[in-house]
Amino acid sequence: MAQRVTESEFTLDTAAALAAAEPASAIRGRSPWYLAWRRLRRNYVAFAFLGLFVLILIACALAGVYARHVAHTGPNTNHILETVRVDGKPVPVISQGGYIDKKTGKPCTTGGSDCVLLSAIPIGPTWFSAGGRFVLGADQNGRDIAVRLLYGGRNSLIVGIGSSALCVFFAVVLALLAGYFRGWVDFVITRFFDLFYAFPVVLLGIALGSALAINGFHRFGINIQSGSLWIPTLVISYVLIPYVGRPLRGQVLSLREKEFVEAAIAQGASPLRIMFTDLLPNIASSVLVFFTLIIANNIVLEAGLSYLGAGVQPPTPSWGTLITDGQDLIVTRPWLALAPGIAIILTVLSLNVFGDGLRDALDPRAKVKVEH
Amino acid sequence: MNRSVRWKRLATAAAFSAGVALIAAACGGGGSSGGATTSGGTSTGASASGKSFASFNIAMDAGTDYLDPGLSYTVEGWGVMWNVYLPLIGYKHVNGPDGATLVPYLAQDLPQVSSDGKTYTLRLRKGLKYSDGTPVKASDFKKTIERDFIVDSPGVGFFENIVGAKQFEKTKKGDISGITTDDATGKITIRLEAPQGDFMNILATEFAAPVPGNAPGKDTSTSPLPSTGPYMIKSYQPNKQIVEVRNPYFDASKFDGNVPAGNPDKVTWDIIGDDNVALQRTISGQDDWMSYHPIPTDRLASVQQKYADQLKVFTPANTYYFFMNTRVPPFDNVKVRQAVNYAINRDALVRIVGGLAQPTENILPPTYPQYEQHNLYPYNLEKAKRLVAESGTKGMEVTVWNHERGIDPKFTAYLTDVLNKIGFKAKEKIVNAAVYWTTIGNQATKAQIGFADWFQDYPHPLDWFDVLLNGERITQTHNNNYANYDNKKVNAEIDDLKKSPTLTPEVNKRWKALDKTIMQDAPWAPFLNRQFTDFFSSRVDLSCYENHVLYEFDYATICVK
Amino acid sequence: MAAFFVRRTVGAALVCVAVTFVVFLIFIVVPGGDPAQRIAGKNATQQNIVNIRHSWGFDQPFYVQYWRMLKKMFSGTLVSYTSQQNVIQQIKQGMPATFSLTIGAGIIWLLFGISVGVIAAVTAGRLSDRVITVLALIGISMPVFWLGIVARYYLAEGGLTSIFPDGEYVPFTQSPVQWFWHLLLPWLVLAVLFIGFYGRVLRGNILDTINEDYVRTAKAKGLSRRRILLKHVLRTSLIPIVTLFGLDFAAVLGGGAILTETVFDLHGVGQYAAQSINNFDLPPIMGVTLYGAFFIVVFSVLVDLFYAYLDPRIRPT
């Protein structure tokens, strides 16, 4: 079960109520954004985790540099029959399998008492004792796991951030339309939300993901090749739109009742203008919080979909596909599955903590909470 | 046929393209080894008196498609049913290549073939009964074949050569005029449109195993049809359990020792999705045989260490290969195809599967008597690069096709890397296994190069060369000749060999030569023959172990300590 | 009230139909997805494929196919493409595992989620709150299948220990002890995520409520801290938790625990759904989608009713 984003976390507290809630005396001409920034600045934990996230981002962005200058290989380069010098001793990247004579190390036929059945197992983590090669070991194709982890992280982050941006964008547009026009527009959009609410997220995700993975998407003038990162990005953004759109719509609806909107309408401002210059800024802080937390959520969802074969398609590495690959070797080479999992946890954790801090900063009542 | 490859992550119900059939390797050529322990299978299966025991439990994978002999087309389905629904003629119940020998089952003798090779005559044994007590009639055979057409069986392609079959397939009315039967004498006559060398093997498939004439024209998996063999299916709950018990009307003495009486009184197949769960159940003795579940490579070493005596390794008849589409550049150039054959290091590919495989560059697997190793393409990357340069296709974009299940995508991950090394711009395209075969088998796809494997439907070279490489059988959709290999001389040779009803040494020699001729054109880059494991609980006595060339492990002849 | 029921029932039915239609569309437009070719197998003849196309109705317009599929579903005769297994029976076969998983995990995550939330709120700002918050955050940051894989290996397959049995669902009727024992690890793995999540939400709610006027009034009246907490604060704070729980519970019951079921090979409805999708086997996909949507809409109605019961100010609409 993927993490669910639930509206109750946001509806009551967040930005909609903020402007009104902030006591006038405290503002004294300063913008709520400035105040939020002041609060956030003091939250060192949130900043530490933001730092961690940025670090991960940088590391993944530098995947190519690491691959070329440290590991001396690419993410898809096979080294199956090669040997690597670990502490000066040659070690095969993948050991020989099949029936092997214990003494000579040569293939043998069964029958001899020294003839044992072995499986070919990739090299484990060398932890820099092999001059930067195979730091975290190799997979069954003799590919460098550390390199793939960084490239995989890049893809996971692209999918996570890209899908969140798309998701939040569409959710905001739909929420603004529904909340501003109300009536039948609202009715249609709400039904659309309801419809996708009735799907289990993962079920809809793998249905769309597997279907699109076959041949890509070539309709309505859009051309996406199968195997493209766009497919998981779009699928993930799509299935979560209602989870963001619903609470935002609620906020817009309540804002719509406020005098300043009525005033703008009376002045003859166009709906588009009202939506984007009057309403949007007022939900912007919620949107920002959503965006941060949705990235975290989507990285996890990507991993889940990839595990079920409906996310990022091989050979493109992603943290999800790396875990899947690693599962087959968890007994002998546990790091293959552990490393990408830990990478996901650190990334998601840093986003969650920072997202929390962001929300606390944008929500003036957070201060009260802590004091209690 | 593809073996229904169990997907590591999800126990898949039989992939649509799931397939059939395997050969035991205990002997085969080139050091292909039989088992972790010496295989002592000499069981004739004639009478297992004194060896019978109460129950045999099996941890089965989820690959069973149907338990209806007219519909099942998977290794698993046939493995369950081969001791349940007996064809007129069938395979010897022995270990090793001798298992490919055909013997009469329900028929008194092997068919008499007319001199033009177009008429087959058989006679049903007397006094045979189904497990519900009704007598087996000659006309049931005819109705069985007709039923295959009525239920849209995946096996109907095997019977199209029977006179009147094509007509019946179209209309589903009347009967198949080419089959005549006489219930009184038990005589069955089958007339063919053209001579067909593998027709006896086709008569030995489960699709041709007689079921009562009044069997419903739809899937009967969950209310199994009465059986003719030593066992009958008592119950089947899909994705859960199959229970077989002895057929009360079966009398092994009627079958001249060709069909075993069966040792276990009851056989239970627990359908388990997960390899590790199946392994645990077998180690703990909850189940006795881990069937179709490979031991995860990761755990092979520890299993071998602790339970070497309970482990068998066998090589079913299979070939894993990369096809190269001879109609699409750059692979329309023979130099490029040869280059790929030189460039792939088969030892590397063997390591990808954990070592449980034999490298090969032949089309036929080494378990065939028609196999002769040829060393046309020793690994030579430099030569490969040179050939690509000579062909003038350097720098071309190449898409490498594969499906995503099991270990198979790792082969193309390697191939793609190799193609990039010899001068192409290669990228992979991975397609869901459920639609992979129909996708690459569709000419519109123009798949350039990709992964394929083949497990035999029956032990006969025609099942390889005719099905996979006869240019006359290339079709627009659901094509099995992914390479679109169409060599007039080869086609003529296959067609000519098809006429020979028996596999004489003379004929075998021609097959051997054909394998080499084709590989000189290099429409494929065959790379390995996979080996599989059979693992048993400690109470099983493996001196009775028998692994059949086609049906693999024989649960009817196994015994316990 | 009657109007509420009529409206919600009609709405729910419409949503269910729409959901199945969306799924149907997704899979009917898949290129290369001609089921007739796949059913026919590798040895197919052209005529064979034509026959299959006809007898399965693939030659009909898609809306006719959709209608037929719905009809078959409700008459219980819908069979899968792959092996003609009865879809309804397969779903029924998976339900005990899915229900056992959901109910057990639900109890765990609700109990622990509430305890964690209350403890964190009561000790807000202190060390225990910090520790709980960190743990909760780590809990919700883990991909559930990864946790499952790792837990299986280290706790059941001898990575560290093998005290837990490895995967597999044992029916309650067969052995209640084994049933419990085999499900314990899946329950915990599935619950971890929700515990973290609920704990955090509840902590926030409690802290919000404590600052409400009526709580201050109660405090001023001199009511004991414990009494205030239990009688006033917790009651109000739990309302959103009930909503959450209802929806999450329904989603998991409806086959949403695909990943957990798959990792532990529980043969539940969710795993059946994943298998079917992977085989591009439309009839079971339709069946499971309808089944899942049913639980989600039913539970959302129940949640609304419960909401109204807890908070009389709200009338169900």
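Residues numbered from 1 in each chain as written. Chains lettered and ligands numbered in written order. Predicted model: local features only at pLDDT ≥ 70, side-chain atom pairs only at ≥ 80, totals over all residues. Heavy atoms only, no water.

Visitor: Please explain the domain arrangement of chain B as it appears in this structure.
Guide: A common way to express how large an interface is: the accessible area buried when the components associate. Split by domain assignment, chain B resolves into domain 1 (19-269 + 533-560) and domain 2 (318-530). One C-alpha centre belongs to domain 1 of chain B, the other to domain 2 of chain B; they are set 31 Å apart. (Domains from an automatic or database assignment.)

Visitor: Can you walk me through a positive patch on the surface in this structure?
Guide: On the surface, a cluster of positive charge is contributed by K221, R227, K231 and R235 of chain C. Within the secondary structure, K231 of chain C sits in helix α10 (residues 225-256). (Patch = residues over 30% accessible without salt bridge, like charges linked within 9 Å, V, L, I, M, F, W, Y side chains within 5 Å. Areas by Shrake-Rupley, 256 points an atom, 1.4 Å probe, with all protein chains shown as cover. Salt bridge = Lys/Arg side-chain N within 4 Å of Asp/Glu carboxyl O. Lys, Arg positive; Asp, Glu negative; His and termini not counted. Charge placed at Lys NZ, Arg CZ, Asp CG, Glu CD. Helix = DSSP H or I, 4+ residues; strand = E, 2+ residues; numbered from the N terminus.)

Visitor: Mind showing me how you'd approach the packing of helix α3 (residues 32-41) of chain A against helix α4 (residues 44-61) of chain A here?
Guide: Two measures define how a pair of helices packs: the angle their axes make with one another and the distance between the axes. Residues and elements named next belong to chain A. Relative to each other, α3 and α4 sit at 85°, their axes nearing to 7 Å. Here α3 lies roughly perpendicular to α4, going by the angle between them. Facing W37, L40 and R41 of α3, the residues of α4 in contact are Y44, A46 and F47. Of the residues contributing to the contact of α3 with α4, the split by class is five nonpolar, no polar and one charged. (Axes fitted to C-alpha atoms, helices over the stretch in contact; angles between N-to-C directions. Parallel < 35°, antiparallel > 145°, perpendicular 65-115°, else oblique. Contact = heavy atoms within 4.5 Å. Nonpolar A, V, L, I, M, F, W, Y, C, P; charged D, E, K, R; others polar.)

Visitor: What exactly am I supposed to notice about the state of the cysteines here?
Guide: Disulfide: a covalent bond connecting the sulfur atoms of a pair of cysteines. Residue and element names in this part refer to chain B. All told, the structure shown has one disulfide over all chains when counted by the stated rule. Each disulfide pairs two cysteine sulfurs, and for C544 the partner residue is C559, the sulfurs being separated by 1.6 Å. Between C544 and C559, the S-S dihedral sits near 70°, and the bridge is therefore right-handed. In this pair, C544 sits in the loop between β22 (540-541) and β23 (547-548) while C559 sits in strand β25 (residues 559-560), placing the two residues 15 residues apart along the sequence. Each member of the pair, C544 as well as C559, is classed as buried. (Disulfide = S-S within 2.5 Å. Buried < 20%, exposed > 50% of the residue type's maximum accessible area, 1.4 Å probe, protein only.)

Visitor: Would you take a moment to explain unusual backbone geometry for this structure?
Guide: Most peptide bonds are trans, and most residues other than glycine sit at a negative phi. Residue and element names in this part refer to chain B. Here the amide bond leading from P329 into P330 is cis, since omega sits at 0°, within 30 degrees of zero. On the secondary structure map, P330 appears in the loop between β15 (318-324) and α7 (334-343). The backbone phi angle of N239 is positive, close to 65°, even though this residue is not glycine. In this structure, N239 sits in the loop between β10 (231-237) and β11 (241-246). For N239, a relative accessible area of 12% puts it in the buried group. Of note, the phi angle at H478 is positive, near 35°, even though the residue is not glycine.

Visitor: Before we go on, may I ask you to explain the interface of chain C and chain A in this structure?
Guide: The partner chain A presents 50 residues to the 59 residues of chain C that form the contact. Carbon and sulfur atoms make up 74% of the area that chain C and chain A hide from each other, which totals about 4,900 Å². Viewed at the interface, chain A and chain C are joined by one salt bridge. We note a salt bridge from D356 of chain A to R200 of chain C, for which the minimum N-O separation is 2.4 Å. Contributions of two or more residues to the side of chain C that touches chain A are made by α1 (2-28), α6 (127-141), α7 (144-156), α8 (176-210), α10, α11 (258-263), α12 (269-278) and α13 (282-310) of chain C. Per-element accounting of the side of chain C that touches chain A gives the leading share, ten residues, to α8 of chain C. When grouped by side-chain class, the residues that make up the side of chain C that touches chain A number 46 nonpolar, nine polar and four charged. (Buried area = accessible area lost by both parts, 1.4 Å probe.)

Visitor: Explain the sheet that holds strand β8 (residues 179-182) of chain B to me, please; I cannot follow it from the model alone.
Guide: Residue and element names in this part refer to chain B. Read from one edge of the open sheet, four strands run β6-β7-β9-β8, paired in antiparallel fashion. The open sheet is flanked by β6 (112-113) and β8, the only strands paired with a single partner. In this structure, β8 lies alongside strand β9 (residues 187-191), joined through four bridges in antiparallel fashion. The residue of β9 that forms the bridge with D182 is K187. Packing of helix α2 (residues 138-150) onto the sheet brings it into contact with β8 and β9, and relative to β8 it is tilted by some 155°. (Pairing = 2+ DSSP bridges.)

Visitor: So what exactly am I meant to see when it comes to the interface of chain B and chain C here?
Guide: Counting residues at the interface gives 56 residues for chain B and 38 residues for chain C. Of the charged contacts, one joins R299 of chain B and E157 of chain C as a salt bridge, the two residues approaching to 2.7 Å between their closest N and O atoms. For the pair chain B and chain C, the interface holds 16 residue pairs in polar contact (both at pLDDT 80 or more). Only α3 (165-171), β10, α5 (275-284) and α11 (433-440) of chain B provide two or more residues apiece to the side of chain B that touches chain C. Classifying every residue of the side of chain B that touches chain C gives 24 nonpolar, 17 polar and 15 charged. (Polar contact = N/O pair within 3.5 Å; in protein donor to acceptor, adjacent residues only side chain to side chain.)

Visitor: Please clarify how the side chain of N86 of chain C should be interpreted in this entry.
Guide: Residue and element names in this part refer to chain C. Within the fold, N86 resides in the loop between α4 (62-75) and α5 (87-122). At 2.9 Å, the side chain of N86 and the backbone oxygen of G76 are in polar contact. For N86, the side chain forms a polar contact with the main-chain nitrogen of Q89, separated by 3.1 Å.

Visitor: Mind showing me how you'd approach the pairing of strand β12 (residues 264-271) of chain B here?
Guide: All names here are of chain B. In terms of burial, β12 is largely enclosed, as six of its eight residues are buried. Direction of pairing for strand β3 (residues 53-60) relative to β12: parallel, over a ladder of seven bridges. The residue of β12 that forms the bridge with M60 is I271. Across five bridges, β11 lies against β12 in antiparallel orientation. Bridging across to β12, V243 finds its partner in T268.

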